[in-house]
Amino acid sequence: MPVAVLNDETDFDGWRKAARAFRLAGVEPAAARFAVAGGAGQGGLFDIASGSDVIGAPVEAEFTVPKAFVELAESVILHRSEDRFDLMYRLLWRLKDDPDLIRVISDRDLADALERAKNVSRASHKMKAFVRFRQVHDDRGEAWVAWFEPPHRVLERTAPFFQRRFTTMRWSILTPDGSAFWDGERLRFGPPATRDMAPAEDEIEDFWKTYYASTFNPARLKVKTMQGEMAKGYWKNLPEAALIPELVAASSVRTEVMVATPAPSPNPRFARALAPDLHAARPDAEAVPSTLAEVAEGVQACRRCALYRDATQGVCGEGPKTARLMIVGEQPGDQEDLAGRPFVGPAGEVLDIALEEAGIDRSDVYVTNAVKHFKHEPRGKRRLHKTPNAGEVQACRWWLDAERRLIKPEVILALGATAGLAVLGRKPAVMSERGAPLALPDGETALLTVHPSYLLRLPDVAAKAEARRLFIDDLIAVRARMD
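Residues numbered from 1 in each chain as written. Predicted model: local features only at pLDDT ≥ 70, side-chain atom pairs only at ≥ 80, totals over all residues. Heavy atoms only, no water.

### Considering the packing of helix 14 (residues 390-407) against helix 15 (residues 417-424)
Going by this rule: To define axes, lines are fitted to C-alpha atoms, for helices over the stretch in contact only, and angles between the resulting N-to-C directions are given on a 0 to 180 degree scale. Secondary structure counts use DSSP, requiring at least four H or I residues in a row for a helix and at least two E residues in a row for a strand, with both numbered from the N terminus. Any angle from 65 to 115 degrees is called roughly perpendicular, while one under 35 is roughly parallel, one over 145 is roughly antiparallel, and all others are oblique. It is the rotation of the near helix from the far one that decides the hand of a crossing: anticlockwise by less than a right angle makes it left-handed, clockwise makes it right-handed. Contacts were defined at the residue level, with two residues in contact if any of their heavy atoms lie within 4.5 Å. As a working rule, the residues Ala, Val, Leu, Ile, Met, Phe, Trp, Tyr, Cys and Pro are called nonpolar, Asp, Glu, Lys and Arg charged, and the rest polar, with Gly in that last group.
Orientation of helix 14 relative to helix 15, taken along the N-to-C sense of each, is 60°, at an axis distance of 9 Å. The orientation of helix 14 with respect to helix 15, classified from their angle, is oblique. Seen from above, helix 14 lies across helix 15 with right-handed handedness. Across the interface between the two elements, Ala390, Val393, Arg397, Leu400 and Arg404 of helix 14 pack against Thr418, Leu421, Ala422 and Val423 of helix 15. Taken together, the residues that form the contact of helix 14 with helix 15 break down as six nonpolar, one polar and two charged.

### As for the pairing of strand 11 (residues 382-385)
Short version of the rule: Strands qualify as paired when DSSP identifies two bridges or more between them.
With four bridges joining them, strand 10 (residues 376-379) and strand 11 adopt antiparallel strand pairing. Bridging from a neighbouring strand, Arg379 pairs with Arg382 of strand 11. The hairpin turn running from strand 10 into strand 11, its antiparallel successor, is two residues long, and Gly380 in that turn takes a positive phi close to 70°.

### Some thoughts on the nonpolar core
Keep this limit in mind: In this description, a nonpolar core means a group of buried Ala, Val, Leu, Ile, Met, Phe, Trp, Tyr and Cys residues linked to one another through side-chain atoms lying within 4.5 Å. We call a residue buried when its accessible area falls under 20% of the maximum for its residue type, exposed when it is over 50%, and partly exposed in between, using a 1.4 Å probe and counting protein chains only.
If you look at the biggest cluster of nonpolar residues, it comprises 62 residues, and the most contacted ones within it are Trp15, Phe34, Met88 and Tyr89. At eight residues, helix 3 (residues 84-97) tops the list of elements feeding residues into this core. In this view, Phe34 contacts Ala4, Trp15, Ala18, Ala19, Phe22, Phe85, Asp86 and Tyr89; residues no more than four positions away in its chain are not counted. Formed by 27 residues, the second largest nonpolar core is a distinct cluster that contains Val393, Cys396, Ile407 and Ala422.

### Quick look at the sheet that holds strand 3 (residues 134-138)
An order of 3-4-5-6-7 is seen for the five strands of this open sheet, with the pairing classed as mixed. Strand pairing shows two members of the sheet lacking a second neighbour, strand 3 and strand 7 (187-190), which therefore form its edges. Pairs of neighbouring strands in the sheet enclose a mean axial angle of 25°, with direction left out of account. Looking at chain direction, strand 5 (residues 171-174) and strand 6 (residues 179-182) are connected through four bridges and run antiparallel. Within strand 6, the position partnered with Trp171 by the bridge is Trp182. The strands touched by helix 5 (residues 155-165) are strand 5, strand 6 and strand 7; relative to strand 7, the strand with the most contacts, the crossing angle is about 145°.

Geometric values such as these leave the question of function open.
Following this line, the structure appears as structure tokens:
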């Protein structure tokens, strides 16, 4: 039986070369054997680099395996199971003829390998969580030493984490599999160690235990969950583990004491500082506003629809109280919701430039929206605009009608269908009705045009230029009517 002798338990390069030589020579999995140098029951020596007469010359052509298999094998070889080399060779043998096998997670061998790789990854994670350094001193000064017993051979894989985490410390991690040393400049690995080679305790251990006990919350204790995350097998190397049985036993009593303890009184100085805000009268959203300031206060307290729940604030109109022209948009956008002002985002920039080209000074215009709160839906870190429905527009007409009554504009320009619905009381056909004067019951004149955001959404350059030209023409018609 051909035997490949590896340098140590985690000699992946040696296994990889031997396994390839076996596969090219046509050595079936049942006939191949892998052994570790000096291990019990080791067979005859096999020269991996050049092959041997036991294997013979290659009988098959060179082949490649998926990168995912190599990564899987690098993890599985760290597992403590005795048959891990054989398992990976069986997969390698089958992969040559079935390269897609690495994706068939229902396959028994692949599922076994994935489970072992998962256990290795978990062991590496636990090592990061449960290594406890103790302080020592030598001729170079302060150093730190830890003893740890990982369930799998993950020392070399995990040591770089401690190198990055404790770059300025000199430390050593001792395990039954080997040792890792960081001197502040170079990470080295050494032979296996025994527990008596690490310090049993240090002078700061009592401080650490005091900290751990003070952060232990008995009201949130779940013993099974705690043991699932911090298995008892790790307790023997954790200084704080000696406190756990006592803390668990006393948790029910401590919880009862916490529940029975009356809540402390608030700091009176803090309460006095907040008193003006805590006890300020909420504006009456149902009272008919007599000033624009009352409109602004009422909008912040408005609960006529549910849009206030997700908005940062209500956004009222702005402009002179005697403006002859009122421009009504749809609703605040993301930037308007944050700033508390209408048309300060991308659509507002388009509107400002168009007004200037049409000869209209925005400072002479009262600008507002049909709906005063931003309606949106979250999409990752963004808030995407959603069109208000007819019920929300109708609920918010209370505030738009108040603005119209107080401003008394001669002309109202509605931007888009939602604004037209709020101004006219019906859903208009914007494209066919745009530019035509529409008489309102209170003597005002309304005109329709598209919303500036419509221009931003057009993908075609030529179509966008034509739509912008028509939009400016509509604004020029508004100015002509004002003149």
